[in-house]
Amino acid sequence: MLNYFGQGALLLGNPDALEHPFYHLAPEWGLYPLVALASMATIIASQAVISGAFSITRQAIQLGYLPRLEVRHTSEQEIGQVYVPRINSGLLIAIIVLVLGFRSSDNLGAAYGIAVSGMMAITTGLAFLYMRSQGWSLALAVPVFAVFGLVDLTFLSANLLKIREGGWFPIAVAVLVFTIMATWWRGRRLLAELRARDAMPLNQFVAGLAPDKPARVPGTAIFMTRDPAHVPAALLHALKHYKVLHERVVMMQVETQDVPHVPGEQRLAIGELGKGFYTIRVRYGFMDQPNVVRALAQCRVGGLRFNLMETSFIIGRERVRPRPRRTAFWRWRDRLFSLMTNNMLDATEFFRIPPNRVVELGGQIEI
């Protein structure tokens, strides 16, 4: 505040300092110290942006708005210290394109203005929604945030005049990111609808099993599924090819809820269907790190014990292909979703499943 007020006071007294008001705040001998200060501030700001990009990407993955990506935890004490290699590479490419395209910091002024003023306006809207969810009445929330909104929209509308001068860049980036996230979210919904339409209810499947058919083999099979109420395709494929079932069959769903953390006592929900079939729902917050092996160890509290050496994790790997004809889900979005699906991180690594206990069954699905 002192910095901006100081620059404003300087310009009121000396309009000729408009070109570099920050560096005109100090006498000539203070130029290089200010350059050093600005450099340190730039480094700190860039690190904040990079860390924020990693953290938001991880939360978007957990909430189902981005495909699975490799997330490396860089601290054993702090859960939020993460590094996402693909996002880091994407930021590098974006920065190189930005520097080559704009060539100077002066040319970035319009882009910076729209990015900052747009962020302020969005933050005001999100703060309004959050305080409403915390019990604020409209009579209190509207006047309070109307003041902030008026200031933010004034800045934003003034900066919108500079779209042609470079302000288009943050808007283009926002549209690109939104398109990717919306495509992934919508594609997952369509896939879930396709699976539910063709899937058999799990209760019906269990009820139709004969006491001696199919044959049962020793051990436990855990099928990772998004919908434990229906028979996963991987189970039907395994039964079709091997003609046997394990003595104990578990349908496990890993669910991310719209909260930062899920307490340990609320993490597991175990259901028994009879004939050796069980369902396990594992709940995580979007700031929690999924760990299937640790979740299985917690099942002891519910009376269900697992020996990893006698347990196999069955994972269905589906290759998504766009339909040859145009559908409601536009052709270009079909291809984008297929590309993201076929290149996302393997479930074994994401859920921290021991690789030597995993069996993958592949298939294809058209969307």
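Further up the page is the structure itself.
**What to know about the pairing of strand β5 (residues 268–274)**
As defined by bridge partners, β5 adjoins strand β6 (residues 277–285) across six bridges and the pair is classed as antiparallel. Bridged to E272 within β6 is Y278.

**Some details on the pattern of salt bridges**
The final tally for this structure, using the stated rule, is two salt bridges. As a salt-bridge pair, R72 and E70 come within 2.8 Å of each other at their nearest N and O atoms. The exposure class assigned to R72 is partly exposed, which follows from its relative accessible area of 42%. R267 is the partner of D288 in a salt bridge, and the nearest nitrogen-oxygen pair spans 3.2 Å. With a gap of 21 residues between them, D288 in the loop between β6 and α9 (292–298) and R267 in the loop between β4 (244–257) and β5 connect regions that are remote in the sequence. For the pair shown, D288 and R267 are each scored as buried.

**Here's the deal with the packing of aromatic side chains**
Tallied over the full model, the rule gives 11 aromatic pairs. With 6.2 Å between their ring centres and 20 degrees between their planes, F102 and W168 make a pair best called stacked. Here the residue F102 occupies a position in helix α3 (residues 85–102), and W168 occupies one in helix α6 (residues 163–198), the gap between them amounting to 66 residues. F102 sits in the buried class, given a relative accessible area of 11%. What links up through ring pairs into an aromatic cluster is the set F128, W136, F145 and F148.

**So, the nonpolar core**
Core analysis: the largest hydrophobic core is formed by 31 residues, its most contacted members being M224, M252, I280 and V292. Going through the elements one at a time, α2 (31–63), β3 (215–224), β4, β6, α9, β7 (311–321) and α11 (347–350) are the ones with two or more residues in this core. Counting residues per element, this core draws most heavily on β6, at four residues. Not counting residues within four places of it along the chain, the set of residues in contact with V292 comprises M224, M252, V254, Y284, F313, F351 and I353. Core analysis: the next-biggest nonpolar cluster, separate from the first, contains 17 residues, L202, A221, F223 and L235 among them.

What counts, and where the lines are drawn
Residues numbered from 1 in each chain as written. Predicted model: local features only at pLDDT ≥ 70, side-chain atom pairs only at ≥ 80, totals over all residues. Heavy atoms only, no water. Pairing = 2+ DSSP bridges. Helix = DSSP H or I, 4+ residues; strand = E, 2+ residues; numbered from the N terminus. Salt bridge = Lys/Arg side-chain N within 4 Å of Asp/Glu carboxyl O. Buried < 20%, exposed > 50% of the residue type's maximum accessible area, 1.4 Å probe, protein only. Phe/Tyr/Trp six-rings, centres within 6.5 Å; stacked < 30°, edge-to-face > 60°. Core = buried A, V, L, I, M, F, W, Y, C linked by side-chain atoms within 4.5 Å. Contact = heavy atoms within 4.5 Å.

These values are about where atoms sit, not about what they do.
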